[in-house]
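# Structural features, examined
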Amino acid sequence: MHYFDFNATTPLSPAAEAAWRQASSEHWHNPSSPYRAAARVRNLLEACREKMASLLRCEAENLVFTSGATEGNNSVINYFAAKAEPRAEMLLSPVEHPCVLESARAAFAGRMEFLPVNGEGVVEVSKLPALLKSRSVVLVSVMAANNETGVLQPWTEVQEVCRQHGVPFHCDASQWLGKLPARSLGECDFLTGSAHKFGGPKGTGFVKISETHNDFTSLRGGSQEAGRRSGTENYPAIAAMAAALEDTISKIETAQSVQGSLRDAFENGLAGALPEVRFIGREAPRLWNTTSILLPAGKNTRWVLQLDKLGFAVSTGSACATGKDSPSHVLAALGLSPEQINRVVRVSAGWETSEASWEALMDGFRQVWQNLKTPSTHSGETHVISI
Ligand code: PLP
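Residues numbered from 1 in each chain as written. Predicted model: local features only at pLDDT ≥ 70, side-chain atom pairs only at ≥ 80, totals over all residues. Heavy atoms only, no water.

Attention shifts here to the pairing of strand β3 (residues 89–92). The alternating pattern of β3 places Glu 89 and Leu 91 and Met 90 and Leu 92 on opposite faces, both of which are buried. As defined by bridge partners, β3 adjoins strand β5 (residues 137–141) across four bridges and the pair is classed as parallel. Paired with Leu 92 across the strands is Ser 141, a residue of β5. Bridge count for β3 against strand β4 (residues 112–114) is three bridges, and the pairing is parallel. Of the residues in β4, the one forming a bridge with Met 90 is Met 112. Read as a crossover between parallel neighbours, the route from β3 over helix α4 (residues 98–107) to β4 is right-handed. (Buried < 20%, exposed > 50% of the residue type's maximum accessible area, 1.4 Å probe, protein only. Helix = DSSP H or I, 4+ residues; strand = E, 2+ residues; numbered from the N terminus. Pairing = 2+ DSSP bridges. Right-handed = clockwise from strand over helix to strand, strands pointing away.)

Here it is as structure tokens:
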């Protein structure tokens with residue numbers, strides 16, 4: 001199978017698997033237990049925190065391990081909502097992942113305001129200062145890279161404006177980390193990430209908190225993670241996450257140039273092979289691995305099904321949206337109609353996807369397009385049947 005759904009999840013990288021195996025067989029003790037074998041695990045866990053902190057360029061003591069980005073995003077939003085004055089609001093982009101949107105909606109009871117985005121889905125930072133001046137905002141949340149389109153957000157600028165106005169900034173970097181250099185992401189007041197997006201295990205992630213919010217607590221009970229997130233730490237998964245992040249970071253430069261060129265060639269080829277095909281977010285800076293394709297006809301679910309039968313794993317949008325009736329809120333925010341949204345397929349490659357795989361995928365799209373066309377019985381013309 002040719003796997004083109006890396007934004008949904010990635011296979012465990014060999015580096016992560018080796019780290020996980022060793023940790024599981026040798027260092028499986030509870031890090032909070034009182035004997036020496038457990039103390040070793042405690043030390044190794046802290047070494048992972050140091051390693052992650054140096055890769056993210058932040059202080060190790062501000063890193064809290066979690067079960068992934070859904071937990072991290074929920075816990076940051078819940079923390080601010082619990083402290084907020086009754087009128088205080090949260091400001092966020094309309095293209096955030098549902099785990100940000102839905103938890104904001106629930107925790108702030110509708111007291112949320114959206115930062116406008118342009119036609120490519122990029123937030124309009126120029127509107128941010130006025131919004132921060134005119135409203136009582138306690139948290140701004142803007143993701144680093146979008147999971148559906150790959151479009152990058154100007155988070156450095158958002159970070160700067162928030163700092164000037166003294167408003168905490170949270171960035172969900174789940175799709176950025178491991179695909180692009182971390183740069184100053186570690187300086188965001190709150191930063192969340194997820195291991196399975198960069199070759200680590202599922203159910204593992206982190207929140208980087210701001211030192212000025214030292215009272216941050218998500219799960220209570222066992223006082224692990226300096227009291228910030230109770231629950232026995234999953235040391236093997238954390239070791240695998242640190243190994244995976246280090247490994248993918250070392251591959252970014254090559255992947256960005258090789259995969260970026262292969263993705264661009266694929267888009268150009270597809271534009272030549274299919275009429276009226278459009279690529280969402282193409283005019284904006286994007287992740288090198290993602291293309292969001294507005295197809296000329298046919299429901300995306302049928303394209304995905306037919307491509308699957310030909311041996312290709314692609315997706316209709318975000319993996320979370322699969323099976324949901326409502327059309328993608330991300331594409332809707334970009335101005336696509338529900339009918340257009342139902343024609344969008346997401347392709348997301350990995351760090352080492354081969355040229356042959358990209359070429360095979362191109363043939364796959366051509367073949368499905370041929371299948372969707374049928375000669376008209378009465379006019380001899382070719383038209384697309386409804387699928
Ligand atoms: N944020 C973004 C941008 C994502 O793409 C995802 C995963 O789909 C998540 C958050 C949720 O991550 P997790 O699967 O670790 O809960």
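Here the narrative resumes.
Before going further, it helps to examine the site of the ligand. The local shell around the ligand holds 14 residues, among which Thr 70, Asp 172, Gln 175, Ser 194 and Lys 197 are the closest. Take Ala 69: an N or O atom from its main chain is 2.9 Å from an oxygen atom of the ligand. In this structure, Asp 172 approaches the ligand through a side-chain N or O atom, which is 2.6 Å from a nitrogen atom. Considering the ligand on its own, with 390 Å² of exposed area, one finds that the protein chains cover 88% of that surface. (Near = heavy atom within 4 Å. Polar contact = N/O pair within 3.5 Å; in protein donor to acceptor, adjacent residues only side chain to side chain. Areas by Shrake-Rupley, 256 points an atom, 1.4 Å probe, with all protein chains shown as cover.)

In this description, an aromatic ring pair is defined by two values, namely the gap between the centres and the angle between the planes. Across all of its chains, the model carries 14 aromatic pairs by this definition. Ring plane angle 40° and centroid distance 6.2 Å describe the contact between Tyr 79 and Phe 190, whose orientation is recorded as tilted. Taken together, the positions of Tyr 79 in helix α3 (residues 69–83) and Phe 190 in strand β7 (residues 190–194) put the pair 111 residues apart, joining distant regions of the chain. Both residues of the pair, Tyr 79 and Phe 190, belong to the buried class. Residues Phe 80 and Phe 190 carry aromatic rings whose centres are separated by 5.3 Å and whose planes lie at 80° to one another, so their mutual orientation is edge-to-face. Taken as a pair, Phe 80 in helix α3 and Phe 190 in strand β7 lie far apart in primary sequence, 110 residues in all. By relative accessible area, which is 0% here, Phe 190 ends up buried. Among the aromatic residues, those joined into a ring-pair cluster are Phe 4, Phe 266, Trp 303, Trp 358, Phe 365 and Trp 369. (Phe/Tyr/Trp six-rings, centres within 6.5 Å; stacked < 30°, edge-to-face > 60°.)

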